[in-house]
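Structural characterization, general
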Amino acid sequence: MLSTASYMPVIAWAAAAACLSGAATLLLTPAMIKAAHAFDWLDYPQADRWHATPTALMGGVAMYGAGTLALLLLGPLAGVGTDVGLIGGGATLLFAVGMVDDLWGVGPTTKLAAQVGAAVLLMAAGHGFGPEWPLWASAPVTLVWVIGITNAVNLLDNMDGLAAGIGGIAAVALTAFAAAGGALLAALLGGTVGGAALGFLWFNAKPARIFMGDCGSLVLGYGVAALAVMGQGAVAAGPGVAVLAPICALAVPILDTTLVTVARTQAGRPVTNGGQDHTSHRLVTLGLSESAAVGTLHGMGAVAGGVGLTALVVEPMLFYAACTFGTVALGVIGGSLGRLDVYRAARVRGDGAPSVSTSPSSNAQSGQGRWQNVAAYLVGDGLLIGGALAAAHALIGSGGLAGAEGVPIVEWVLLVGGVQLAVLYAMGLYRRLWRHAGTPGIARIVGTILLAQAATAGGLALVYGLGAVSAPLLMVDGMILTIGMLGSRLGLRGLQRGASLYRSRVAPAESVSNVLLYGTGERAMLALRALRDAEERDRVPVGFVDPDPSKQDQIVQGLPVFGGTGACADLCREHDIDEVIVAVGDAAPHFEREVARQCAEAGVVCRSFDVRMKPLRAGHEDPNRGEPMHGPPA
């Protein structure tokens, strides 16, 4: 496999390619920054873009040039010159189309045709999705995969350092996977792609001095997509492991593209239009800074790549379990971020972060139907049940799933999963929202799983006899399933608490008041905007209260909407509220009086948010000057 370079380990070739490509990128990128400013190859701020100042484009020229140099020098030495030519041809095709798009613009049809051509060249080089699949199945999947991942990385290039970091991390993981199996061509290509991406990150991290543009993001996307395909045949593992492991490294681009596609479709927006609705933008809306949002996604990419690499050191059943738990975790993150209102937001702050909207979240108003929520929970719980069984089987040992001799494993698993899902449904776990679950909800989950395990044991004994019941297996399965379900149900709350903790850490150390906003209308959005834009930052909004049941248990501008008017006093005690701001206007004075009464009962300050124009009199000082929050109505 190592041709004339058998004396040199595969990992050494990958390291050499990474060093050469990275060093060339570090040398070429400054020259491209100067050229971009000289020829006005600049990306100017636009309504659907994140940056606030004109920034140099065409960074992809430096990345492509550095990668080409590395492959031209090392490919012949490693004995893979002919093979790498076809894949390099696909990258060149996408580079050319991307460069034309950066300079003059091209239509989506042209881009799609170039991506199809690049995928065909990859298959012509002998690389297809699913190393053991027949051609009629492998070819279309390879085509869809290359087009999908290429566009996913292209879409991910929406914030300083994001696409370069994610692409570089994915390339490192995919290169390690390929090198472990001795795949020289994949390792060489991976080192080249990873070195170019991480070298470019030095100039692309916030504040970015240059963007890679489509001529860079399309090539980077194609490179990691090709790596994932080429690495599948490198390692001999269990069924599906060779396919799943490389996919793990690209979990973040897949999550982002899926989230954007679903959210735009539900909002009635064209999927191909740009916007500030990506995963990174939603993390900023949740309360993170831009750098923290990018760092979070980099960390997620590193963890996902690490999960893929565990396939090299653990048995297949544990790897399958890790993949199912990871899929559910990504689903929880995507579902949580998908509820945030991002389509009405407008940039007003100097760092380019979005401000609050001036109306309630359209997503919160529309929401998902109950059947959609139930279906999502059923799918997620089905994955958790399967993953828990796989992990328990791997931990207990080979005979755990069989239970009794002669019992088909697939039939055994289907019976166990069916019984457990039926008990979960019968106990009402799908009849309530879990976005703000507390101790009673945790106790309900634990009790329901104990009942499900007992029902599972009874069902197995009834159908197959007592020999099919494995007490150690069911015990370990129950423990793993409990942890998984608690994580899936409390995931949103964990994200909110994490964002709140982050905000408290980066906020000044002075005394801060926790604020509860009453109402979710336009006035409440203005109040939230005033709180977030205030220079003092001495008030921290915790959430909303709204009497409208359709708005409760939703997320608006990163904050939860709690129960109605009667819950104010309890919410103040539960969330350590120091101040309640009523922002419903003069149309609902009875609500204001009731909220003021409950605040007095809880010993909490109550104010009304008022927006009105007042005449100014010469020589008269307004006692409330500079204080946007006025006292409670008389």
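Preceding this paragraph is the structure being described.
These notes cover the structure that comes with them. (Residues numbered from 1 in each chain as written. Predicted model: local features only at pLDDT ≥ 70, side-chain atom pairs only at ≥ 80, totals over all residues. Heavy atoms only, no water.)

1. Considering the overall build of the chain
For the record, the criterion: Helix and strand assignments come from DSSP, with helices taken as H or I runs of at least 4 residues and strands as E runs of at least 2, each series counted from the N terminus. Buried, partly exposed and exposed residues are distinguished by accessible area as a fraction of the type maximum, computed with a 1.4 Å probe on protein chains only: under 20%, between the cut-offs, and over 50%, respectively. Pairs of residues are marked as contacts when any of their non-hydrogen atoms sit within 4.5 Å. Note on areas: Shrake-Rupley with a 1.4 Å probe; residue coverage comes only from the protein chains shown.
Assigned secondary structure in the chain consists of 22 helices and 9 strands. By residue count, 49% of the 634 residues in the chain fall in the buried class. When contacts within the chain are restricted to residue pairs at least 6 apart in sequence, those whose partners lie at least 24 apart make up 75%. A total of about 27,500 Å² of accessible surface is found on the chain, and carbon and sulfur atoms cover 64% of it.

2. Considering the packing of aromatic side chains
Operational definition: Aromatic pairing here means that ring centres of Phe, Tyr or Trp (its six-membered ring) are within 6.5 Å. Orientation follows from the plane angle: under 30 degrees is stacked, over 60 is edge-to-face, and everything else is tilted.
The full count for this structure, using the stated rule, is 4 aromatic pairs. Centre to centre, the rings of F129 and W145 are 5.4 Å apart; their planes meet at 55°, and the pair counts as tilted. Here the residue F129 occupies a position in the loop between α4 (108-124) and α5 (135-156), and W145 occupies one in helix α5, the gap between them amounting to 16 residues. Across the pair, W145 and F129 agree in class, each one buried. Through a chain of ring-to-ring contacts, the aromatic side chains of F129, W133 and W145 assemble into a single cluster.

3. Regarding the pattern of salt bridges
Which entries qualify depends on this criterion: Every case where a carboxyl oxygen of Asp or Glu lies within 4 Å of a side-chain nitrogen of Lys or Arg is listed as a salt bridge.
Inspection of the entire model under this criterion finds 8 salt bridges. Two residues, D101 and K111, come together in a salt bridge whose shortest N-O distance is 2.9 Å. In this pair, D101 sits in helix α3 (residues 81-103) while K111 sits in helix α4, placing the two residues 10 residues apart along the sequence. We classify D101 as buried; its relative accessible area is 15%. Note that R597 and E601 form a salt bridge whose closest N and O atoms lie 3.6 Å from each other. Of the two residues, R597 and E601 both sit in helix α22 (residues 589-602), 4 residues apart, roughly one turn of that helix. Taking the relative accessible area as the measure of exposure, E601 reaches 49% and is therefore partly exposed. Counted as one network, the salt bridges with shared partners bring together D101, K111 and D214.

4. Considering unusual backbone geometry
In the segment running from K206 into P207, the intervening peptide bond is cis, with an omega of -5°. Note on placement: P207 falls in the loop between α7 (184-204) and α8 (214-230). The phi torsion at D40 lies on the positive side, around 60°, for a residue other than glycine. By the element assignment, D40 lies in the loop between α1 (10-38) and β1 (42-43). Backbone geometry places M58, a non-glycine residue, at a positive phi of 70°. The topology assignment puts M58 in the loop between β2 (55-56) and α2 (59-78). The class of M58 is buried, set by a relative accessible area of 0%.

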